Amino acid sequence: MTTLDDIRDTAREILADGKGILAADESTGTITKRLEAVGVESTEENRRRFRDLLFTTKDVEQRLGGVILYDETVRQDALDGTSMVETLRRRGIVPGIKVDEGAKDLAGFPGEKVTEDLDGLRERFAEYRELGLRFAKWRTVTSVSDTLPTATAIELNAHVQARYAALAQEAGLLPIVEPESIMDGDHGIDRSAEVTEQVLAATVDALRRQRVALEGVLVKTNMVVSGYAGPDQAGPDEVADRTLAVLHRTVPAAVPGVVFLSGGQDDAQANANLDAIARRGPQPWTMSFSYARALQGRPMATWAGAEENVAAAQDAFATRLQLTGAATRGDWSEDAERAAS
Ligand code: 13P
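Computed from a predicted model, the values in this text were never measured in an experiment. (Residues numbered from 1 in each chain as written. Predicted model: local features only at pLDDT ≥ 70, side-chain atom pairs only at ≥ 80, totals over all residues. Heavy atoms only, no water.)

Peer 1: Which residues make up helix H7 (residues 151-170), and what are the values?
Peer 2: Between its first and last C-alpha atoms H7 spans 29 Å; for 20 residues at 1.5 Å apiece the expected length is 28 Å, and the two agree. Turning to H7, its buried residues number three or more, namely Ala-153, Ile-154, Asn-157, Ala-158, Val-160, Gln-161, Ala-162, Tyr-164, Ala-165, Leu-167, Ala-168 and Gln-169. Buried positions along H7 lie against helix H1 (4-14), strand S5 (113-115), helix H6 (121-130), strand S6 (135-142), strand S7 (174-181) and helix H8 (189-209). Downstream of H7 by a residue or two, Gly-172 has a phi angle that is positive, lying close to 85°. (Helix = DSSP H or I, 4+ residues; strand = E, 2+ residues; numbered from the N terminus. Expected span 1.5 Å × (residues − 1). Buried < 20%, exposed > 50% of the residue type's maximum accessible area, 1.4 Å probe, protein only. Contact = heavy atoms within 4.5 Å.)

Written out as structure tokens, the structure is:
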């Protein structure tokens, strides 16, 4: 019987010693786009080879406390014949699973999304536990513009996040709750802050109402940045101040950890912003990264599907982890980033 203490221990273990999370949980559709962009055919075998490359990179366990996997991967073996899940466990990395099936158009609300598919989740959680997974992730997305999101979209997604989190805790799995406000668009940082605050507040409120123990949840969020297409781009100090102000207003200190997605920021920008956040000193929660693109983009491009590039791709991944790890400690520098690229 897993207790809340066990779930809290999972959170602590994942974020111990400045470690963070690799989100290697792209659905087949998403990873197909990323592989094709570097000229690699998205076969099951190529997806396995790429993920094997990441998980067997030397010393990754020094920077990664957890890896989020996709359903296909938890059923695959690494190239040496050990299961992918066991490969991570042997390194002391906690394996987790993305359980949402993607954001879908919200009927009646043009431009907005909802993440559904709660049916059968209790049974899926039971199976994932059997497979050795200890945490889960669920992502909802909120579009940001002058007129969006609607209150209805915020409410619906918050409700679903809490249903998912309650079922995860019931199954003894640590839920990562990821309500992402999308930073595409030309909105300014004020609008990003306003929407991120509304979304996080609604999510935490739904968690409370549905009796989810906040001590057994990790919050995964976007940083509060200027809309990517906007004319003025806020620098790291402003991003850090705005992000922390929103988090202080919305995420109770009972939550053990807050982790950031990279959200399509370029690698250096994501690290500069994370570093500025970390430099503002201890916060009520442990803070770290849970990046997909900002950690995997370069290794994937370096690999490009060729066996002879595996070592160079693993070096590229190790470098990204080192730089993002430094940013998590507030110890990152632009010079180090430049020297590495
Ligand atoms: P990015 O870091 O690429 O935003 O991905 C994080 C993630 O897990 C999105 O669900």
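Peer 1: So what's going on with the packing of aromatic side chains? Residues and values would help.
Peer 2: For any pair of aromatic rings, geometry is given as the distance between the ring centres together with the angle between the planes. Per the stated rule, a full pass over the model turns up four aromatic pairs. One aromatic cluster in this structure is built from Phe-125, Trp-138 and Tyr-164. (Phe/Tyr/Trp six-rings, centres within 6.5 Å; stacked < 30°, edge-to-face > 60°.)

Peer 1: Give a detailed account of the site of the ligand, specifying residues and quantitative values.
Peer 2: The immediate surroundings of the ligand are formed by Ala-23, Lys-137, Arg-139, Glu-178, Lys-220, Leu-261, Ser-262, Gly-263, Ser-290, Tyr-291, Ala-292 and Arg-293. In the environment of the ligand, an oxygen atom lies 3.1 Å from a nitrogen or oxygen atom belonging to the side chain of Glu-178. Relative to its free-state accessible area of 300 Å², the ligand is covered by the protein chains to the extent of 93%. Elements represented by at least two residues in the shell around the ligand include exactly S6 and strand S10 (286-291). Across the shell around the ligand, the residue classes break down as four nonpolar, three polar and five charged. (Near = heavy atom within 4 Å. Polar contact = N/O pair within 3.5 Å; in protein donor to acceptor, adjacent residues only side chain to side chain. Areas by Shrake-Rupley, 256 points an atom, 1.4 Å probe, with all protein chains shown as cover. Nonpolar A, V, L, I, M, F, W, Y, C, P; charged D, E, K, R; others polar.)

Peer 1: Which residues make up the nonpolar core, and what values go with them?
Peer 2: Core analysis: the largest hydrophobic core is formed by 86 residues, its most contacted members being Leu-22, Phe-55, Leu-64, Val-67, Val-99, Phe-125 and Tyr-164. Look past the residues within four positions of Val-67 in its chain and what remains in contact with it is Leu-22, Ala-24, Phe-55, Leu-88, Ile-93, Val-94, Pro-95, Gly-96 and Phe-135. Residues Ala-11, Ile-14, Ala-23 and Leu-174 belong to the second largest nonpolar core, which totals 14 residues. (Core = buried A, V, L, I, M, F, W, Y, C linked by side-chain atoms within 4.5 Å.)

Peer 1: Which residues make up the side chain of Ser-262, and what values go with them?
Peer 2: Within the fold, Ser-262 resides in the loop between strand S9 (257-260) and helix H10 (267-279). In this structure the side chain of Ser-262 is engaged in a polar contact, spanning 3.3 Å, whose partner is the backbone nitrogen of Ala-294.

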